[in-house]
Amino acid sequence: MIEIKTLRPLWLVLFGVMLSACATPNNEPNPYQRMDMSSVSEADRQILRRLVANMVILPAGEFQMGDIDNLEDDSELQPVRTVTLRAFAMSRYEVTFEQYDLYARMTGAELPSDRWGRGNRPVIDVTWYDAVDFAQWVAAQTGLALRLPSEAEWEYAARAGSDKAFSFGSDAHVLCEYANIADQNTDIGWRYKHCSDGFETTAPVGSYKANAFGLYDMHGNVWEWLGDCWSRNYKNAPADGRHWGSSNCDEHSQRGGSWFYGATEAQSFYRAYGENLDKSVTLGFRLAQDL
Ligand SMILES: [Ca+2]
Ligand SMILES: [Ca+2]
């Protein structure tokens, strides 16, 4: 059984440390400084505390990455290979509007638009640069080595020990218990017609069942930006789970499917990508952390 922990004890040092530069996806210096916390409201501090408390430590391990059973017959999902990962932490939830709005208020960054509410819904309409900036800002405020996940880390986290299409197995009929997708009640041609999840657009994060690692919405809700440059297949991909690609690529990987897509895109191994400046109402992100 995998032991699930949180980083709650690390919060004890959250506002008491002087920070050195934190790691970024490209190991560049973090441009953000730690704020003077005496000027920050208790409510805003609580937002950061909850974010930190919900970084889940995942154990070191080895897994098969890719379309193991060749379900999609797609060269982008091949060759399947063994990846070995050190322990790291992953956000329990997708980054929310509440969290992103705090960053935007504190830095003057643009507030992303919302179409159906903010608060505890996943932030949408953010570019890859926005996601990286958010990670760097939170890293500067907390002293934690926060960044976007790699594709390998994301798939390891989504599988949560499963070698099937979904963390819970291969039967998509129960997907709506775990994921917000385009379900049978959605007016989209490629909807999944065999279950209903209760939401036509984004759902508040954590509305469905968690996987065995305690992570929510790895299948569906919003696609998630990752730190890897897009690659057309896994030939020559690193086997240690680190970010793959040069520091200045124009396209980055995305994972997990969303409320606008059916069951296929929600599979743990399924891949997508976008240009760095793309924004979408189906696309957000979550954070990873070096331990
Ligand atoms: Ca839905
Ligand atoms: Ca998601």
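The numbers attached to residues start from 1 for each chain and follow its sequence in the written order. Key to labels: chains lettered from A, ligands numbered from 1, both in the order written. Given that the model is predicted, a residue must reach a pLDDT of at least 70 before its local features are reported, and side-chain atom pairs must reach 80 or more before they are shown or counted; all residues, however, enter totals for whole chains, interfaces and linings.

Let's talk about the overall build of the protein
So, point 1. Counting its secondary structure elements, the protein contains 4 helices and 11 strands.
So, point 2. Taken against the 2.2 N^0.38 rule, which gives 19 Å for 291 residues, the C-alpha radius of gyration of the protein at 18 Å falls within 12% of a compact globule.
So, point 3. When its C-alpha atoms are laid out on the principal axes, the protein stretches across 55 × 40 × 40 Å.
So, point 4. In the protein, which comprises 291 residues, the proportion classed as buried is 47%.
So, point 5. Whether two residues are in contact is decided by their C-beta atoms, placed from the backbone, lying within 7 Å. Counted over contacts in the protein with a minimum sequence separation of 6, partners at least 24 positions apart contribute 72%. Numbering of helices and strands runs from the N terminus, with a helix taken as a DSSP run of H or I at least four residues long and a strand as a DSSP run of E at least two residues long. Only C-alpha atoms enter the radius of gyration; for comparison, a globular chain is expected to reach 2.2 Å times N to the power 0.38, where N is the number of residues. Residue burial is a threshold on neighbouring C-beta atoms within 10 Å of the residue's own C-beta, all placed from the backbone, with 20 or more meaning buried, 12 or fewer meaning exposed, and counts in between meaning partly exposed.

Here's the deal with the confidence of the model for the protein
So, point 1. Per-chain confidence: the protein averages 91 in pLDDT, with 91% of residues scoring 70 or above.
So, point 2. For every residue, the predictor assigns a confidence score, pLDDT, that lies between 0 and 100. Contacts from residues 1-24, a stretch scored under 50 in pLDDT, to residues over four places away or in other chains number 44 contacts.

Quick notes on the packing of helix α1 (residues 42-53) against helix α2 (residues 97-107)
Helix-helix packing is characterised by the crossing angle of the two axes and by the distance between the axes.
So, point 1. Fitted lines through C-alpha atoms serve as axes, helices being fitted only where they are in contact, and the angles separating the N-to-C directions of these axes extend from 0 to 180 degrees. In contact at an axis separation of 10 Å, α1 and α2 are set at 125° when each is read in the N-to-C sense. Looking at the two axes, α1 sits oblique to α2. For α1 against α2, the interelement crossing comes out left-handed. Residues Asp 44, Ile 47 and Leu 51 of α1 lie in contact with α2, whose contacting residues are Glu 98, Gln 99 and Leu 102.
So, point 2. Of the residues belonging to the contact of α1 with α2, the class tally is 3 nonpolar, 1 polar and 2 charged. By definition in this entry, angles of less than 35 degrees are roughly parallel, angles greater than 145 are roughly antiparallel, angles of 65 to 115 are roughly perpendicular, and the rest are oblique. Left-handed describes a crossing whose near helix is turned anticlockwise from the far helix through less than a right angle; right-handed describes the clockwise counterpart. When residue character is reported, Ala, Val, Leu, Ile, Met, Phe, Trp, Tyr, Cys and Pro are called nonpolar, Asp, Glu, Lys and Arg charged, and the others, Gly included, polar.

Digging into the nonpolar core
In summary, soluble globular proteins display a tendency toward joint burial of nonpolar side chains.
So, point 1. By definition, a nonpolar core groups buried Ala, Val, Leu, Ile, Met, Phe, Trp, Tyr and Cys residues that connect through C-beta atoms lying within 7 Å of each other. Ranked by size, the top nonpolar core spans 71 residues in total, and within it Ala 131, Ala 135, Ala 157, Leu 175 and Ile 181 carry the most contacts.
So, point 2. Residue contributions to this core peak at 8 residues, all from helix α3 (residues 128-142).
So, point 3. In this view, Ala 135 contacts Leu 146, Arg 147, Leu 148 and Leu 287; residues no more than four positions away in its chain are not counted.

Some points on the sheet that holds strand β8 (residues 251-255)
So, point 1. Strand order in this open sheet of 4 strands is β9-β8-β7-β10, and the pairing throughout is mixed. Edge positions in the sheet fall to β9 (271-275) and β10 (283-284), since each of these pairs with one other strand and no more.
So, point 2. Paired strands are those between which DSSP finds at least two bridges. Sheet topology places β8 next to β9; 5 bridges connect them, and they run antiparallel. Residue pairing in the sheet places His 252 in a bridge with Gly 274 of β9.
So, point 3. Against the sheet, helix α4 (residues 151-159) makes contact with β7 (223-229) and β8, and its axis sits at roughly 140° relative to β7, the strand it touches most.

Considering the environment of Val 95
So, point 1. Along the polypeptide, Val 95 turns up in the loop between β5 (88-91) and α2.
So, point 2. You can call Val 95 buried: it has 25 C-beta atoms within 10 Å.
So, point 3. With 125 residues separating them in the primary sequence, Val 95 and Gly 220 have C-alpha atoms 14 Å apart.

Things to note about the pairing of β5
So, point 1. Burial along β5 is two-sided: Phe 88 and Met 90 and Ala 89 and Ser 91, pointing in opposite directions, are all buried.
So, point 2. In this structure, strand β2 (residues 55-58) lies alongside β5, joined through 4 bridges in antiparallel fashion. Paired with Met 55 across the strands is Ser 91, a residue of β5.
So, point 3. The pairing of β5 with strand β11 (residues 288-290) spans 3 bridges and is classified as antiparallel. Paired with Ala 89 across the strands is Gln 289, a residue of β11.

Quick word on unusual backbone geometry
So, point 1. The omega angle of the peptide bond from Gln 78 to Pro 79 is -10°, so this bond is cis rather than trans.
So, point 2. Tracing the chain through its elements places Pro 79 in the loop between β3 (61-65) and β4 (81-85).
So, point 3. Even without being glycine, Asn 221 reaches a positive phi, approximately 70°.
So, point 4. When you line up the elements, Asn 221 lands in the loop between α4 and β7.
So, point 5. A count of 33 C-beta atoms within 10 Å places Asn 221 in the buried class.

Observations concerning the environment of Ile 47
So, point 1. Considering the arrangement of structural elements, one finds Ile 47 in helix α1.
So, point 2. Among the residues examined, Ile 47 registers 16 C-beta atoms within 10 Å and is labelled partly exposed.
So, point 3. With 55 residues separating them along the chain, Ile 47 and Leu 102 place their C-alpha atoms 8.0 Å apart.
So, point 4. In this structure Ile 47 touches Glu 98, Gln 99 and Leu 102, once residues within four positions along its chain are discounted.

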